[in-house]
Structures are given as C-alpha cells and as structure tokens.
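This is what each chain is made of:
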Amino acid sequence: MTTDTSTVDTTHVDELRLLEAESVHIIREVVAELQRPVLLFSAGKDSIVLLRLAEKAFRPSPLPFPVLHVDTGHNFDEVIEFRDRRVTGEGHKLIVASVQESIDTGRVADPGEGASRNRQQTRTLLDALEAGDFDAAFGGARRDEERARAKERILSFRDEFGQWDPRAQRPEPWSLYNGRIKKGEQVRVFPLSNWTELDIWRYIELEDLELPSIYFAHEREVFERDGILLAVSEYTQPQGDESSALEWVRYRTVGDLTITGAVRSRATGIDGVIAEISAATVSERGETRADDRTSAAAMEDRKREGYF
C-alpha cells in the first residue's frame, strides 16, 4: 500500500502524535523497569502499529526484545506471508509458538478438524512466556474493542500462573506505571489502550504502513454462518443448507480463519476503509469474531485463564 502523504488529513495529526508519544513512553518505561519483555505480534493492524511504535522508541538501535506470534495453524496465507516479511525482513527476532505443537505434545486437547483453536492459544502463549522467561509482554489490545478490554489498565498484572484478576490491578494515577513484580509474575502491557480503531487506521495512513492485503476489499468465496461471513478454506466449508458465493469483502480484524468473519465492502484503499470505520456502530470484534459472541463474558473468561 502506498499513500500520498500530501492527502493525509492533517486535522488529526497532532492527536495522533500525542497518542504516539504516550505509547512510546510506555514501551520505554517497561523496558527500563522489567528484565525480559517480548512483543506479541499477530500481523493484524494493531500489532503492526505497535511494532512501528516499538521501532520508533529505540531507533536507531535494534529492538531490545524479540517478537512472538502464537500460531493457531488456521491462518490466512496472506497474513503469514506478511508476518515473515515484516518481522524477519526488518531483522527482528521472531519466535513462533505453535498451537499444533501444543496439541501434538498433549499440552492441550485437539478441538477437532475445522474447530476454532482460540482457547488453545492460551496454554501455548503461557508456555512460550515461561520458556522464554519473559516477565512482560506487549500486546496491541485497545479499550474500545470489547467490554473486558475496557477493564484493563495499561500495565495488566498476572499471577505466577499467568492469570488475570481485574480486582487486583494497580491504579495508574497521572500515567505513573508501577512495574515491580515478584519472581514468576508477569505483566501484559497495552500501549494502545487509549487508541480507537479509527486512530489506528489514521495512523496507518499517516505513517504509510503496509498491511496484509485482506484488510482491503477483494473477491473471496465466503458463506454465512450465524450472521458471520466465513471464508471457504480447508478448515471451513459450508454445511447443511449453507451455500458459498464469490463476494467483495475485506477483514476488520485478523485471527483464526475458522471464526474470523469478513465484511462486505468495496473499500480497496485506505480512504474507503476510514470512511467505513467512521460510519461503523459496532466494534470489529463484535461484528466479525464468532468467539466473542459465545457469551457476554467470553473475552473476560479467557483473560482470566491467561489470554492476553
């Protein structure tokens, strides 16, 4: 994707630079206070912005921490290709934690062919954090995504089992962050907490960031299940009276393709996407992620178990 920076709406530039400065400050503070951070990277739009902010925080030096991707094995090909090019192509150290390997070694149960592996990600993530002796993990979550995300502080403390208790979090008055932890405890860090989906897209435009192609409108064979447009793939096939069709769609969020839905769209460029997001009344997770529809507390339950 190439953006003519002369066409970027300058109205929001100052606001975006303030958000950028806050996020860079958070990243630097955590690196100064904790011993072994890692950056969680899904190759989604939020983690792409997070990686750019981390690069800015330490330029011209290399990142002082590795990049970790928890791979469900049910990925969009375009996303994996972008991940490898963006991370290793820039000289960053990439760690891939495989859910399939967790299944093969008996660490988690196999949910079955074509089933979502999102719940299995938690064990794989916790094992990867333990194996790397990481005490802090940067994530790209935002408070506007979902109600459980809105409960998070910027520094989210986890116990020695990686579990989250929203009632045991520390206050952060005047943007002061206390990163002191005991041996075995962890901190999840969310530098994008105060960003919105629209902020993310405007920053992508401002910085001319490349994204996986699935974020823009393209023709794809999809079928509808429970109000969500799923891509036809080796893992997801129409069943019963479901039927597939070739449609113009794009994705608002990236995840396990068995539960990540597309939206109908003709927005082939960033201006069109920003126009659609500006008019949207439902968050990207609420509209396109089947796992967040299972119950009102679905995300919070997973976070308590150790999900980021």
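Calculation notes
Residues numbered from 1 in each chain as written. Predicted model: local features only at pLDDT ≥ 70, side-chain atom pairs only at ≥ 80, totals over all residues. Heavy atoms only, no water. Pairing = 2+ DSSP bridges. Helix = DSSP H or I, 4+ residues; strand = E, 2+ residues; numbered from the N terminus. 1 Å grid on protein atoms, 1.4 Å probe; cavity = no way out; pocket = protein on both sides within 12 Å on 5 of 7 lines; lining within 4 Å. Points joined across faces, edges and corners; volume = space filled by probe spheres on them. Nonpolar A, V, L, I, M, F, W, Y, C, P; charged D, E, K, R; others polar. Expected span 1.5 Å × (residues − 1). Buried < 20%, exposed > 50% of the residue type's maximum accessible area, 1.4 Å probe, protein only. Arc of directions from axis to C-beta. Contact = heavy atoms within 4.5 Å. Salt bridge = Lys/Arg side-chain N within 4 Å of Asp/Glu carboxyl O.

(A) Fine view of the sheet that holds strand 8 (residues 228–231). Read across the sheet, four strands follow the order 8-7-9-10 without closing on themselves; strand pairing throughout is antiparallel. The outermost strands of the open sheet, each flanked by one partner alone, are strand 8 and strand 10 (263–264). Examined bridge by bridge, strand 9 (residues 244–250) and strand 10 share two bridges and lie antiparallel to one another. Bridge pairing in strand 10 places Val249 opposite Arg264.

(B) Molecular detail of the layout of surface pockets. For the second largest pocket, the calculated volume is near 230 Å³. For the second largest pocket, the lining is made up of 14 residues, of which Ala97, Glu101, Thr124, Asp127 and Ala128 are closest to its centre. Of all the secondary structure elements, the ones that give two or more residues to the lining of the second largest pocket are strand 3 (94–98), helix 4 (99–104) and helix 5 (118–131). Grouping the constituent residues of the lining of the second largest pocket by class yields six nonpolar, five polar and three charged.

(C) Quick peek at helix 1 (residues 13–33). Compared with an ideal rise of 1.5 Å per residue, which puts 21 residues at 30 Å, helix 1 spans 30 Å between its outermost C-alpha atoms and is within 8% of the ideal. For helix 1, the full list of buried residues reads Val13, Leu16, Leu19, Glu20, Ser23, Val24, Ile26, Ile27 and Val30. Down the axis, helix 1 shows its buried residues gathered within 155 degrees of arc, on one side only. Set apart from the buried face of helix 1 by more than 90 degrees, the exposed residues are Asp14, Leu18 and Ala32.

(D) Main features of the environment of Arg153. Tracing the backbone shows Arg153 in the loop between helix 6 (147–150) and strand 5 (155–158). Residue classification places Arg153 among the partly exposed positions, given a relative accessible area of 30%. Aside from chain neighbours lying at most four places away, what touches Arg153 is Arg143, Gln169, Arg170, Pro171, Glu172, Phe190 and Ser193.

(E) Representation of the pattern of salt bridges in the model. By the definition in use, this model includes 21 salt bridges. Notably, a salt bridge pairs Arg142 with Asp144, separated by 2.8 Å at the nearest N-O pair. Among the charged side chains, a salt-bridge network with shared partners connects Arg17, Glu20, Arg52, Glu55, Lys56, Arg86 and Glu207.

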